[in-house]
Amino acid sequence: MKNIDVCLTPDLLHLHTASLENSIVVVADVFRATSCMVTAFAHGVDSITPVATIEECKDLQNRGLLAAAERNARMVDGFDLDNSPFSYMDERLMGARIAMTTTNGTYAITKSRQAVKVLVGSFLNLEAIARYLKSQQYDVMVLCAGWKGRPNLEDTLFAGGLIDRLKDDYMMAEDSAIMAWRLYCQGKDDLPGYLANSSHVRRLHRLGIQKDIVYCLQHDLFDVVPVLRGNTLVCMEVQ
Ligand code: MLT
């Protein structure tokens, strides 16, 4: 039976290296990087190049890509786009090639490159990710982006939600997977309420970004599976 494992933050990834090279990695940054990426692909963006630093993002902007940069949930001055999914529901972005750097999500993606495949997951494309994984013969590692090296609740809940969709086909390899699934079972009927006191929800509330919170917690809005091809994310053509 295939295994599913959960890495609660990229800072623990070194403890999972052996399984990483034989696994498909699903990166989750629910608030808001991966929710934003999934929304962008669902609205026709052609590619997203995730980079870990602002300097790399500026270099790609200077080469002609649209560039999105966020730090501490705020847009970085001098760039074209922020990190709200609502900014990507714009038909002018159809076919766009975007460079993106965020506080945690793009860093997590760049740390996953030795995996068999790197997918971008969110609640918005949860079923599409689950359906694709079931069609593959690889173990799965859910990499939670967390916050600056610390675990967070929303990404762990996503991991639990994916496990909930896969539990008949995958074995929970480690306690982190069991923890994530049990958290999701506890909170799934009211995720906004379950997350009300979490650190990033409070951070987003302080910045007046409430609407992104409710949006990012919706399930199965989009049938898209973003996958890393080299250093760039594209939308996988799945049956
Ligand atoms: C992150 O990278 O942690 C998020 O994208 C931050 C945010 O958008 O609020």
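First, a word on scope: everything that follows refers to the structure included in this document. Fair warning: this is a prediction, and the values are worked out from it, not measured in the lab. (Residues numbered from 1 in each chain as written. Predicted model: local features only at pLDDT ≥ 70, side-chain atom pairs only at ≥ 80, totals over all residues. Heavy atoms only, no water.)

Glancing now at the site of the ligand. Residues in close proximity to the ligand total 14 residues, the closest being D29, N83, T102, N104 and H200. G105 has a polar backbone atom sitting 3.0 Å from an oxygen atom of the ligand. Taking H200, its side chain carries an N or O atom lying 2.8 Å from an oxygen atom of the ligand. Contact with the protein chains covers 100% of the free accessible surface of the ligand, which is 260 Å². In the shell around the ligand, the residues fall into 5 nonpolar, 6 polar and 3 charged. (Near = heavy atom within 4 Å. Polar contact = N/O pair within 3.5 Å; in protein donor to acceptor, adjacent residues only side chain to side chain. Areas by Shrake-Rupley, 256 points an atom, 1.4 Å probe, with all protein chains shown as cover. Nonpolar A, V, L, I, M, F, W, Y, C, P; charged D, E, K, R; others polar.)

Two aromatic rings, taken as a pair, are described by how far apart their centres are and by the angle between their planes. Taken as a whole and assessed by the stated rule, the structure comprises 3 aromatic pairs. Aromatic pair F86 and Y215: ring centres 5.0 Å apart, planes at 55°, arrangement tilted. Of this pair, F86 sits in the loop between β5 (74-75) and β6 (97-101) while Y215 sits in helix α10 (residues 210-216), and the two are 129 residues apart along the sequence. For Y215, a relative accessible area of 8% corresponds to the buried category. Seen from their ring centres, F123 and Y184 are 6.4 Å apart, and the 20° between their planes marks the pair as stacked. Taken together, the residues span a long stretch of sequence, with F123 in the loop between β7 (117-121) and α5 (126-134) and Y184 in helix α7 (residues 175-187) at a distance of 61 residues. (Phe/Tyr/Trp six-rings, centres within 6.5 Å; stacked < 30°, edge-to-face > 60°. Helix = DSSP H or I, 4+ residues; strand = E, 2+ residues; numbered from the N terminus. Buried < 20%, exposed > 50% of the residue type's maximum accessible area, 1.4 Å probe, protein only.)

From the geometry alone we can't say anything about function, so treat these as descriptive.
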